[in-house]
Amino acid sequence: MDKNSIIAVVLSSLVLIGSFFIQSKYIAPKKQAQAEAQAAEMQAQKEMEKEKAQSENEMISASFAEETSSTDENVSEKEYVISTNKAKVVFTNKGGDVLSYKLLEHKDKETGDGVEMAMNVSAYNKAFTTAFGGFDGAVLDDIFNVSMKDSKTILFYRDYEIKDSDGNPHRFTFGKKYTFADDDYAFKLEISVLSKEEGNKLDLSGSAYTIRTSPQIGPKYDKKNRYEVRQFLALNGAKKIRKNITDRVYEIGDLEWAGTGGKYFTMLIKPVAPLTMNSSVKAISDKGDTTQVMLSRKAITEKNVNDTYYIYVGPRQEAELIKYNDQTKNAWNLTNTRLNMALQSSGLFSPIERILKWSLDKIHGPVGNWGVSIIILTLILKIILFPLNKNQAVGSLKMQELQPRMKEVQEKYKNDQAKLGAEMQKLYKEVGYNPMSGCLPMIVQMFILFAMYNVFNNYFEFRGASFVAGWIDDLSTGDSIWTWNKAIPFISGFTMNNLRLLPFIYTISQLLNGKITQFGNPGAASSQSQMKMMTYGMPIMFFFLFYNVPSGLLLYWTTSNILQIGQQLVINSVMKKKRKEMAAKKPVNANELKFKGGKKKTR
């Protein structure tokens, strides 16, 4: 193995080993000791929750009994508002549901107001609407009584008489109590079923009631935008589910939480007592207008029941979601909820993604501009990967030199595979060529490329982050130097009525990079057509594919192309020198004689 091959293998190994080292030392949120402590805390919390639920049932029963005695049957529909530092929530006493849920710290680019997380509500489908029975049960749309104990707590309750599956009537009080904290994206929802008589139960074909997320989360969802998503999210302990939402009933098992997620925001419902929930969760998708999830509670046979749910409504951001793994970081003392499992990731490449995010955060600290941070990170990566690229180019040159001798060996030992393999290894060793020196750099760069794509396409911090004011105002969307309102056939559908500069810069840099690469590596005539396709065809095709790509991602690719042009010029110089060395070592053909006039004569 030659020196360059050894360097390539060592650097590749260092990149992979380094990613896991940094992840375990600097990025992993908790050490093993902390994880064990959290597990013990979680068990203790479950016991506390059980005792707390029992005492709360008794208190709520007394509270409901007092409130019910003053029920006003003539109350009309009214709206109520609760505001925290994180959200402004508008309730209606019709069903005790939510009409509007605006995130105050995150603005909607189209409306200029807070991101609306309860979109497309209707008279019979609002946020956190409940229904008796299973998924097909009629929603509760009656006027509820209301009690606001303080500015962060609101209670809706009403008396019902429901016939069970056997036709027997049962009287009870049904209540929904919302409790908020000023600086937390999660809130607590308690659903109570309090019997009016002994022997009551709420059992409609195995279910007591269903609860649902909002019909749609914001910002406005356009199914034609392939860079935006609406996903069904769930965790049952054994596995996580993260799929584009469709009309389907999922068999989850022991449900830990479920909900919906977009590219940058999510809504998740976590029952405190998962064993009280049915194993089925229903996802609803109606042409993108409705993307909703429904959970159902098992039949209730106890006299008084108080179910508690913690509902997260906020950014799909690791810094926020991970707080619910540590009881000291959230207002509800929740621990080990694993809500951060709802984050987008590429699975296999997630360790590299964490390294890249960590690096971006560290660079952004002193720089203060996410666009500049992307450029600096790209520069660092290109410097690290340059020896691999150089070694790959030199390796391809050695491979070209070996081709005639390889064909001779393959022809000579075509009927003896064992001998052929041995002779090929001998040939590689003779010229100092390692086959892995060509593919290993490509594998490492492919891993980083896939991880980069997912990071830059989903990194929450890029949302609303400006690079150059008036040009790239939001790294999570395409850049724009001019917009128009009138629809132009064919053009508007492709451009989204935006003239973008970055795709043109990207395409030019890609064309120039390809041309310089082709110039430095002249191939055989048989491969010239393929080279032309790669040099001209691919960049033009990518122009149309990437025209509306998030500018953060395109900024990375463009910067990478520009830096690659400089590196390729260096590699071309090295390759030219290597070719001269190879030509000097090449034996002279005995059948050719050269004369002073530059002509040659064959004997």
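Residues numbered from 1 in each chain as written. Predicted model: local features only at pLDDT ≥ 70, side-chain atom pairs only at ≥ 80, totals over all residues. Heavy atoms only, no water.

Chemist: Let's hear about the overall build of the protein: which residues, and what values?
Modeler: Regarding its fold elements, the protein presents 11 helices and 22 strands. Here the protein, with 603 residues, has 48% of them falling under the buried criterion. Sequence-distant contacts in the protein: of pairs separated by 6 or more residues, those separated by 24 or more amount to 66%. Of the accessible surface of the protein, which amounts to about 30,500 Å², a share of 57% is contributed by carbon and sulfur atoms. (Helix = DSSP H or I, 4+ residues; strand = E, 2+ residues; numbered from the N terminus. Buried < 20%, exposed > 50% of the residue type's maximum accessible area, 1.4 Å probe, protein only. Contact = heavy atoms within 4.5 Å. Areas by Shrake-Rupley, 256 points an atom, 1.4 Å probe, with all protein chains shown as cover.)

Chemist: Describe the pattern of salt bridges, with residues and values.
Modeler: Pairing between side chains becomes possible if they bear opposite charge and their charged atoms approach one another. Applying the stated criterion across every chain, the model contains 16 salt bridges. A salt bridge links E198 to K303; the nearest nitrogen and oxygen atoms lie 3.2 Å apart. You can see E198 sitting in the loop between β9 (186-195) and β10 (202-212) and its partner K303 sitting in the loop between β17 (290-300) and β18 (304-315), a full 105 residues away along the chain. Judged by relative accessible area, which is 63%, E198 ranks as exposed. Notably, a salt bridge pairs K329 with D326, separated by 3.8 Å at the nearest N-O pair. Look at D326 and you get buried, because its relative accessible area is 11%. (Salt bridge = Lys/Arg side-chain N within 4 Å of Asp/Glu carboxyl O.)

Chemist: Quick rundown of helix α5 (residues 370-412)? Include the residues and the values.
Modeler: Over its 43 residues, α5 extends 59 Å from the first C-alpha to the last, a length consistent with the 63 Å expected when each residue adds 1.5 Å. Helix geometry: α5 is bent most strongly at Q403, by close to 50 degrees, with proline P404 lying one to four residues after it. One side-chain oxygen of the residue at the start of α5 lies 2.8 Å from the amide nitrogen of G371, identifying that residue as N369. (Expected span 1.5 Å × (residues − 1). Bend = angle between axes of the 7 residues up to and from the residue. Polar contact = N/O pair within 3.5 Å; in protein donor to acceptor, adjacent residues only side chain to side chain.)

Chemist: Residue-level account of the sheet that holds β18, with values.
Modeler: Across a sheet, strands are paired by hydrogen bonds formed along the backbone, either parallel or antiparallel in direction. Taken in spatial order, the 9 strands make up an open sheet running β6-β7-β8-β9-β18-β15-β14-β11-β12, and their pairing is antiparallel. Every other strand in the sheet has two partners, leaving β6 (145-150) and β12 (240-244) as the edge strands with one partner each. Shown here is a sheet whose adjacent strand axes are inclined to one another by a mean of 20 degrees, direction ignored. (Pairing = 2+ DSSP bridges. Axes fitted to C-alpha atoms, helices over the stretch in contact; angles between N-to-C directions.)

Chemist: Account for the environment of N497, with residues named and values stated.
Modeler: With respect to the helices and strands, the residue N497 is situated in the loop between α8 (491-495) and β20 (498-499). According to the relative accessible area criterion, N497 is buried, its value standing at 15%. Taking C-alpha positions, N497 is 5.5 Å from W484, a pair spaced 13 residues apart along the chain. Dropping the residues within four chain positions of it, N497 is found in contact with W482, T483, W484, N485, K486 and S492. A distance of 3.4 Å separates a polar side-chain atom of N497 from the backbone oxygen of N485. Only 2.6 Å separates the side chain of N497 from the side chain of S492, close enough to count as a polar contact.

Chemist: How would you sum up the sheet that holds strand β1 (residues 79-83)? Please name residues and give values.
Modeler: Strands sit in the order β1-β2-β3-β4 across an open sheet of 4 strands; the sheet is antiparallel. With one partner strand each, in any of the chains shown, β1 and β4 (114-116) form the two edges of the open sheet. Here the average twist between neighbouring strands, direction ignored, is 20 degrees. Sheet topology places strand β2 (residues 87-92) next to strand β3 (residues 97-107); 6 bridges connect them, and they run antiparallel. From the neighbouring strand, A87 faces β3, where its bridge partner is L103.

Chemist: Could you give an account of the packing of helix α4 (residues 350-367) against α5, with specific residues and numbers?
Modeler: Closest axis-to-axis distance for the α4/α5 pair is 9 Å, and the angle between their directions is 125 degrees. One way to sum up the angle between α4 and α5 is to call them oblique. α5 is crossed by α4, and the crossing has right-handed handedness. Residue-level contacts link L356, S359, L360, D361, I363, H364 and V367 of α4 to W370, V372, S373, I374, I376, L377, I380 and L381 of α5. Taken together, the residues of the contact of α4 with α5 sort by class into 11 nonpolar, 3 polar and 1 charged. (Parallel < 35°, antiparallel > 145°, perpendicular 65-115°, else oblique. Left-handed = near helix turned anticlockwise from the far one by under 90°. Nonpolar A, V, L, I, M, F, W, Y, C, P; charged D, E, K, R; others polar.)

Chemist: Give a detailed account of the confidence of the model for the protein, specifying residues and quantitative values.
Modeler: Per-residue confidence for the protein gives a mean pLDDT of 83, with 81% of residues at or over 70. Across residues 1-5 the pLDDT falls below 50, and counting only partners more than four positions away or on other chains, this stretch makes 9 contacts in the model. (pLDDT = per-residue confidence, 0-100.)

Chemist: Please set out unusual backbone geometry residue by residue, giving values where relevant.
Modeler: With omega at -10 degrees, the peptide bond leading from G218 into P219 counts as cis. Relative to the helices and strands, P219 is located in the loop between β10 and β11 (231-235). Even without being a glycine, N120 presents a positive backbone phi close to 60 degrees. Its location among the elements puts N120 in the loop between β4 and β5 (130-132).

Chemist: Tell me what's going on with the packing of aromatic side chains, and back it up with residues and numbers.
Modeler: Within a pair of aromatic rings, the relevant descriptors are the distance that separates the centres and the angle that separates the planes. All chains considered together, the criterion is met by 39 aromatic pairs. Geometrically, the ring pair formed by Y264 and F460 is edge-to-face, given 6.0 Å between the ring centres and 70 degrees between the ring planes. Of the two residues, Y264 sits in the loop between β14 (257-261) and β15 (265-271) while F460 sits in the loop between α7 (436-458) and β19 (482-483), which places them 196 residues apart along the sequence. As far as burial versus exposure is concerned, Y264 and F460 are alike and both buried. Members of the aromatic cluster, connected to one another through ring pairs, are Y80, F91, Y101, F128, F156, Y178, F180 and F187. If you follow R158 out to its NZ or CZ, it ends over the ring of Y160, 5.7 Å from the centre. (Phe/Tyr/Trp six-rings, centres within 6.5 Å; stacked < 30°, edge-to-face > 60°. Lys NZ or Arg CZ within 6 Å of the ring centre and 35° of its normal.)

Chemist: How would you summarise the nonpolar core if you had to cite specific residues and measurements?
Modeler: One finds F91, Y101, F128, F132, F174, Y178 and F232 to be the most contacted residues of the largest nonpolar core, which totals 73 residues. Broken down by element, this core gets its largest block of residues, 6 residues, from β18. Residues contacting Y101, with those up to four places away along its chain left out, are A87, K88, V89, V115, E116, M117, A118, F128, F180, Y185, F187 and V313. Ranked by size, the runner-up nonpolar core spans 34 residues in total, among them I448, M452, V455 and F462. (Core = buried A, V, L, I, M, F, W, Y, C linked by side-chain atoms within 4.5 Å.)

Chemist: I'd like a description of a nonpolar patch on the surface, backed by residues and values.
Modeler: A surface patch of nonpolar side chains, about 460 Å² in accessible area, is lined by I481, W482, L499, L501 and F504. Tracing the backbone through its elements, the reader meets L499 in strand β20. (Patch = residues over 30% accessible without salt bridge, like charges linked within 9 Å, V, L, I, M, F, W, Y side chains within 5 Å.)

Chemist: Mind laying out α4, listing which residues take part and the relevant values?
Modeler: An ideal rise of 1.5 Å per residue puts 26 Å on 18 residues; α4 measures up with 25 Å between its terminal C-alpha atoms. All of the buried residues along α4 are S350, P351, I352, E353, I355, L356, K357, S359, L360 and I363. Remark: G368 follows α4 within two positions and exhibits a positive phi of approximately 80 degrees.

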